[in-house]
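Given next are the chains, with one letter for each unit.
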2 protein chains.
Amino acid sequence: MTRAKNGTRERPTLEAVAKRAGVSRATVSRVVNGSTTVAEPIQEAVRRAVRELGYVPNLAARSLVTQRTDSAALILPETPTRVFSDDPFFHGVIRGVSMELDAADKQLVLLIAGSTAGHDRVERYTMGRHVDGVMFASMHGADPLPAALIRMGIPVMCSGRPLGRATVEVPYVDVDQIGGVVSAVRHLLDSGRKRIATISGPQDMVAGIDRLTGYRQALRDSDRRSIVAIGDFTRESGTVAMRQLLDDDPKLDAVFAASDLMAHGALRALREAGRRVPDDVAVIGFDDIEMARYTEPPLTTVRQPIQQIGREMARQLMRLVAGEEIEPVTMLPTELIIRESA
Amino acid sequence: MTRAKNGTRERPTLEAVAKRAGVSRATVSRVVNGSTTVAEPIQEAVRRAVRELGYVPNLAARSLVTQRTDSAALILPETPTRVFSDDPFFHGVIRGVSMELDAADKQLVLLIAGSTAGHDRVERYTMGRHVDGVMFASMHGADPLPAALIRMGIPVMCSGRPLGRATVEVPYVDVDQIGGVVSAVRHLLDSGRKRIATISGPQDMVAGIDRLTGYRQALRDSDRRSIVAIGDFTRESGTVAMRQLLDDDPKLDAVFAASDLMAHGALRALREAGRRVPDDVAVIGFDDIEMARYTEPPLTTVRQPIQQIGREMARQLMRLVAGEEIEPVTMLPTELIIRESA
DNA sequence: CTGAAAGCGCTAACAG
DNA sequence: CTGTTAGCGCTTTCAG
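Definitions and limits used
Residues numbered from 1 in each chain as written. Chains lettered and ligands numbered in written order. Predicted model: local features only at pLDDT ≥ 70, side-chain atom pairs only at ≥ 80, totals over all residues. Heavy atoms only, no water. Helix = DSSP H or I, 4+ residues; strand = E, 2+ residues; numbered from the N terminus. Rg over C-alpha atoms; globule rule 2.2 N^0.38 Å. Buried < 20%, exposed > 50% of the residue type's maximum accessible area, 1.4 Å probe, protein only. Contact = heavy atoms within 4.5 Å. Lys, Arg positive; Asp, Glu negative; His and termini not counted. Salt bridge = Lys/Arg side-chain N within 4 Å of Asp/Glu carboxyl O. Polar contact = N/O pair within 3.5 Å; in protein donor to acceptor, adjacent residues only side chain to side chain. Domains from an automatic or database assignment. Buried area = accessible area lost by both parts, 1.4 Å probe. Expected span 1.5 Å × (residues − 1). Least-squares fit on C-alpha atoms with pLDDT ≥ 70 in both. Core = buried A, V, L, I, M, F, W, Y, C linked by side-chain atoms within 4.5 Å. pLDDT = per-residue confidence, 0-100. Near = heavy atom within 4 Å.

(A) A look at the overall build of chain A. Tallying secondary structure elements over chain A gives 13 helices and 12 strands in all. For chain A, the C-alpha radius of gyration of 26 Å lies well beyond 20 Å, the compact-globule estimate for 342 residues. Across the 342 residues that make up chain A, the buried fraction comes to 55%. Taking the contacts inside chain A whose residues are at least 6 apart along the sequence as the reference set, 69% of them involve residues at least 24 apart.

(B) The side chain of D253 of chain B, seen in detail. Residues and elements named next belong to chain B. Looking at where D253 falls in the secondary structure, it is placed in the loop between α11 (235–248) and β8 (254–257). Nearest to the buried, unbridged D253 among oppositely charged side chains is R193, at 5.2 Å. One polar contact links the side chain of D253 to the main-chain amide nitrogen of K194, over a distance of 2.8 Å. Those residues within four positions of D253 in sequence are excluded, and the remaining contacts are R193, K194, R195, I196, D280, V281 and A282.

(C) Spatial organisation of the domain arrangement of chain A. Residues and elements named next belong to chain A. Partitioning chain A into domains gives domain 1 (2–66), domain 2 (71–175 + 307–332) and domain 3 (177–304). The C-alpha-based centres of domain 2 and domain 3 are spaced at 29 Å. With 15 residues of domain 2 at the contact, the number on the domain 3 side is 11 residues. Of all residues in domain 2, the largest losses of buried area upon contact with domain 3 belong to D86, R161 and V175, amounting jointly to 36% of the total for that side. Across the domain 2-domain 3 interface, the total number found is 1 salt bridge. Note that D210 is salt-bridged to R161, the shortest N-O span being 2.4 Å. Our enumeration of links across domain 2 and domain 3 arrives at 5 residue pairs in polar contact (both at pLDDT 80 or more).

(D) Inspection of helix α9 (residues 177–190) of chain B at higher detail. All names here are of chain B. With 14 residues, α9 should cover 20 Å at 1.5 Å per step; its first-to-last C-alpha distance of 20 Å lies within 8% of that length. All of the buried residues along α9 are Q177, G180, V181, V182, A184, V185, H187, L188 and L189. Downstream of α9 by one or two residues, G192 has phi in the positive range, about 85 degrees.

(E) Region of the structure containing the relation of the copies chain B and chain A. Superposition of chain B onto chain A requires a rotation of 180 degrees combined with a translation of 0.0 Å along the rotation axis, giving an RMSD of 0.1 Å. Such a combination of turn and shift is consistent with a two-fold rotation axis.

(F) Quick peek at the nonpolar core. Judged by nonpolar contacts, the single largest core of 58 residues is most densely connected at L74, V97 and M135 of chain A together with L74, V97 and M135 of chain B. Not counting the four nearest positions on each side in its chain, M135 of chain B is found in contact with A72, A73, L74, I75, V97, L101, M157, M313, A314 and L317 of chain B. Counting 48 residues, the second-largest nonpolar core is a separate cluster that includes C158 of chain A together with Y125, M127 and A147 of chain B.

(G) Up close: the confidence of the model for chain A. Residues and elements named next belong to chain A. Residues with a pLDDT of 70 or more make up 97% of chain A, whose mean pLDDT is 91. Mean pLDDT across the elements of chain A ranges from a minimum in helix α5 (residues 80–83), with 81, to a maximum in strand β8 (residues 254–257), with 98. Per-residue pLDDT stays below 50 along residues 1–8; that stretch engages in 20 contacts with residues further than four places along the chain or on separate chains.

(H) Quick look at the protein's contact with DNA strand C. In the region of DNA strand C, 27 residues are neighbours, and R30 and A39 of chain A together with L14, R25 and Y55 of chain B sit closest. The share of sugar and phosphate among atoms of DNA strand C within 4 Å of the protein is 66%. A distance of 2.4 Å separates a phosphate oxygen of DNA strand C from a polar atom in the backbone of L14 of chain B. Of all the secondary structure elements, the ones that give two or more residues to the surface near DNA strand C are α2 (25–32) and α4 (59–66) of chain A together with α2 (25–32) and α4 (59–66) of chain B.

Written out as structure tokens, the structure is:
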């Protein structure tokens, strides 16, 4: 049997260390926090006492007075299943955020909140000032939490423009979604495609909305009509959407999919339907994930710097936490990567 | 420009709410924490004051006195890249932990610590009592942190037997690795295979060590000699190891890979070498990941209940946090799943 | 350069 | 049922 220690085991406090070292609590605090204004011999004595007692500062007590925790949260309002799917978005953002926070010696706290209960807990956790700042990735619909946190004075950064009319300004970093899509669709137009369809992303997510907007905008300037099917960014939904598109308009000769995963799914549906890519139908994706180079044929796609989104979010957040001013929106570039599929 | 609020914006405290509602701090505290021993009209008054002021409890202050945070950490000592690779282990454990913590209304705090600096931060974070308990998954080598936390009186659970001579007992949940491997190798022996090789996992991880032990143990009872190559659980390493194995012993007729991913990689190397599976060489993997059913041929494998590892870790941890006693080791069963590859 | 004193915001006896 | 009181463990003026 293992006996639960239950936290009740006496933990040495500053007081204890002070007594042992024969100094005051204030002095111990200074040494522990690296103040240089303490005489060397005393510093040594304090450090020995710390070591002997195994003293570790109580962070709750410290942050109660300093109002800082030296940690930041990244909130992913998704189920673990989706976070760990083969969509490399989360992976990239987390990597970027990690790197930047590492450099600032801040602890990254990852909060995954797929369920409603989870979302409520995250709200309590962040509003309760367990972290110095909060980042959001992959928001669905118009989540009121970012604005609520800002009203509480807690720094917030989002990846992707937050949906909903903001009563307060929520800063965010995004990539030039519309510009990227427009250049993709233009490429299709320029190469003489007549019937250009799109497989769009979910319309409760800003990336889904913006990419559809980009598609419509690019077609508006031409005389082509739009042909739309809705997916949810997954491979499977791409296949389903492509089939439907072929049903709707058997003569379509190009398709822009709002994610590489959906483009991959579309490739499969096209193959099943006996269409050759790019001869019969040109395909363009979005994201430039690793896999895009290994599909048959390799995917023309719009590259977005996912990892940099994470870095930029973290960097701006650190500035906010430090009390600096920042630009409310940071826009990162996208780039059309031309391969064999279009 | 967005002005940083920097946390300095006056946040209403219990005191403020109490004054506004015309009651004492204690009463407000009772209402906020759902005590029923407060007269209904007063409760209502307090709730209104809370609403009007937008009061949110300061969790640092609360946990300073309650000694609880209502959150638990799951530590993944890996880089984000590996955590988000196609190895479904992390995904499964996180899912299991999430579900169990959800049920207990505790916040899951995910700490990813690939670098040394990251590991140090995690140490400070957990030792500083930011969480009520700590879980470890996928430990490498003999990490001293679990034992250190236990000595501090912080409840700890590990997935997989912790390596290194423990000065204190670190409770863990594991699956019956050895039993699973033994049944796999027996299956190979029973079907008449003579030269059974293994692609083992990394030897700084307990899963890697135990599965190799199982292999050796099963062969010890027979007259077969062991043929070993070391991988690191990734698909790529499986391919490399299989090539080497074929070099070492071109006549081998069976291979046990310590993970399905490595088995998948091995399949590829075998195909390249012109070996048919299972006719020339039988292959067995470990994990029973989704993909195992879609390989060519489908993989015979040892199923381990990954998600349940997470659930069990979280459940036991909650008991420790509650001050209950638990069994120091929880063993979960494995099961040989026979498909076409062996 | 060091110590004393005053809280940070909250909960939990203990009285009344 | 409600208010008073006493800290939780730490940092930070302010004196000395």
